[in-house]
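Residue-level listing of the chains:
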Amino acid sequence: MSAEQIDFAAEGLLDGLEGEQRAERVALLQQLADDGVSLAELRRSSAAGSIMYLPADRVIVGSERYTAGQIAEMSGVEESFLIAARRAMGLPVPEPDEAVYTDAELETARMTHVARAAGLTDDELLDLMRVLGRGLSQVAETLRALPLKLVLEPGMSEPELANRYAQAAGALYPLVNPLVESVLALHLKHATQSTVVSALERSGGQLPGSREVTVCFADLVGFTRLGEEVAPDELGRLAVRLEALASDVVEPPVRLVKTIGDAAMLASPEPEPMLGTALSLIDAAESEGEDFPQLRAGAAIGQALPRAGDWFGQPVNLASRITAVARPGSLLVERELREAIDGPYRWSFAGERRLRGIRGPVPLYRARRQAADPAS
C-alpha cells in the first residue's frame, strides 16, 4: 500500500490524538510511509508506542525487510529454527507474511551454518541466543536512551525529535560493535581463567551435569513497601544503582549472574572470595546514605547446574531462602559454607530456622570481617 493510499485515521493510527499532537503524528506517519515503512510496521509500532524510533531503525539497520520464508531461502536455514531462535532471544515472532527481518538478521542466520559446522547442536545454539538476548536487551534499552538525552529539547515536535534522534543514533551506532566485542572478549578471558576442568572431567571427555558453586543473593530491605510509597522511576533508580554497586565490587572468580529487581545474584567456584564480595556489597550500600535501602544477604554452597548463564539447584534455592530471613546489613550462611571457610571472618551462630521449601531446620551463621568492631 503506497503512502497516498493509507488512511491513517481509518487504520486507527491516530486514535486518542487531537490538535497539534494529531497533526505531528500525521506528518511522521507520512514521512515513514514515504520511506517505505509498511502499514503492518506502522500499526505495530503505533500500538507499542515506539513509532518515534522507526526513523532511527532505518538508519541503523537499513530499509530492506524480509519475511521469515525469504530469510530461510536466502540463508539456507530452516524457517522453524529461525522462529525458535527469535523466541529464544526474547523477540516477537511476526506473522509468516510480515516483512520485518533485516539484513543484519539475514547475516546472523547465515552464521548458523558456521556454528553447526563447528559442532554446536541446535539446542546449544538456542541456549547461547537466550543468554545473548537476555543480556543485550538491557544493553539495547540503555543505548536507546543515550541519544535521546543528547537531542531532547523543550518544545520539539514529534517528527523533529524522531529525525534528530535518528541522526544521533546513527552517529553513535558505529561505536557499539567494537565496544560489545571488547567487553565480551574481556569477560570470556575472565570466565576462561575461572573455569577449572578437573582431571576426572578430562578423562571422561565431558563436563559433569553439575558442579560445586557458592551462591549468594543480596536484596534491598523494604523494597516492596517502597513500591507503595515512591514513584516507579525512583524504584527503577534504586534497582539500577544496586546493579552498579554489585558490578563495582565483583571481581573474579565471583560473577554477577543477574539482578532481579531488588536483588542481585552472585556465584563463585570458590567460597571465600564470595564472602568478601558479599560483605563489600553490603558496605557499599551502607555508604550510599539514608536515601538508599540497606542490603541483606544469604549464601550457600553445593552442587548446581550451570545453564544459559544461570545456575539451578539446591544452593540457589537455599541462598534465596536464607536471604529472606537475614537482618538488614547482615550476611547469613548455612553450615556447609561456614565449614568451608578458613579466612579472616568472625562468626556468630544465628540459630536454626525453618525455611520455606527447604526440608528440616537449617543452622545459620552470621559472617563479619575479622576487623569489624566487636560491638557491631
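Residues numbered from 1 in each chain as written. Predicted model: local features only at pLDDT ≥ 70, side-chain atom pairs only at ≥ 80, totals over all residues. Heavy atoms only, no water.

1. Notes on a nonpolar patch on the surface
Alright, step 1. A grouping of L128, L132, L136, V139, L143, L146 and V180 is seen on the molecular surface, where their side chains present a nonpolar patch of about 500 Å² in accessible area.
Alright, step 2. The element that contributes the greatest number of residues to the nonpolar patch is helix 7 (residues 122–151), accounting for six residues.
Alright, step 3. Along the chain, the position of L128 falls in helix 7.
Alright, step 4. On the basis of relative accessibility, which here comes to 43%, the residue L128 falls in the partly exposed class. (Patch = residues over 30% accessible without salt bridge, like charges linked within 9 Å, V, L, I, M, F, W, Y side chains within 5 Å. Areas by Shrake-Rupley, 256 points an atom, 1.4 Å probe, with all protein chains shown as cover. Salt bridge = Lys/Arg side-chain N within 4 Å of Asp/Glu carboxyl O. Helix = DSSP H or I, 4+ residues; strand = E, 2+ residues; numbered from the N terminus. Buried < 20%, exposed > 50% of the residue type's maximum accessible area, 1.4 Å probe, protein only.)

2. Focus: the pairing of strand 3 (residues 263–268)
Alright, step 1. The element strand 3 is largely enclosed, with a buried count of six among its six residues.
Alright, step 2. Here strand 3 shows a buried face lined by A263, M265 and A267 and a second buried face lined by A264, L266 and S268.
Alright, step 3. Sheet topology places strand 1 (residues 211–220) next to strand 3; six bridges connect them, and they run antiparallel. Across the sheet, residue A218 finds its bridge partner in strand 3, namely A264.
Alright, step 4. Two elements, strand 2 (residues 255–260) and strand 3, share five bridges in a ladder whose sense is antiparallel. Paired with K258 across the strands is M265, a residue of strand 3.
Alright, step 5. From the end of strand 2 to the start of strand 3, which pair antiparallel, there are two residues, and G261 there has a positive phi angle of about 65°. (Pairing = 2+ DSSP bridges.)

3. A short note on helix 14 (residues 314–325)
Alright, step 1. Compared with an ideal rise of 1.5 Å per residue, which puts twelve residues at 16 Å, helix 14 spans 17 Å between its outermost C-alpha atoms and is within 8% of the ideal.
Alright, step 2. Listed as buried for helix 14 are P315, V316, L318, A319, I322 and T323. Down the axis of helix 14, the sector holding all buried residues measures 170°, keeping them to one side.
Alright, step 3. Tucked into the core, helix 14 has its buried residues touching strand 1, strand 3, strand 4 (295–307), strand 5 (310–313), strand 6 (331–334) and strand 8 (362–369). (Expected span 1.5 Å × (residues − 1). Arc of directions from axis to C-beta. Contact = heavy atoms within 4.5 Å.)

4. Considering the environment of S45
Alright, step 1. Summarising the element assignment, S45 is placed in helix 2 (residues 39–48).
Alright, step 2. With 32 residues separating them along the chain, S45 and L13 place their C-alpha atoms 9.7 Å apart.

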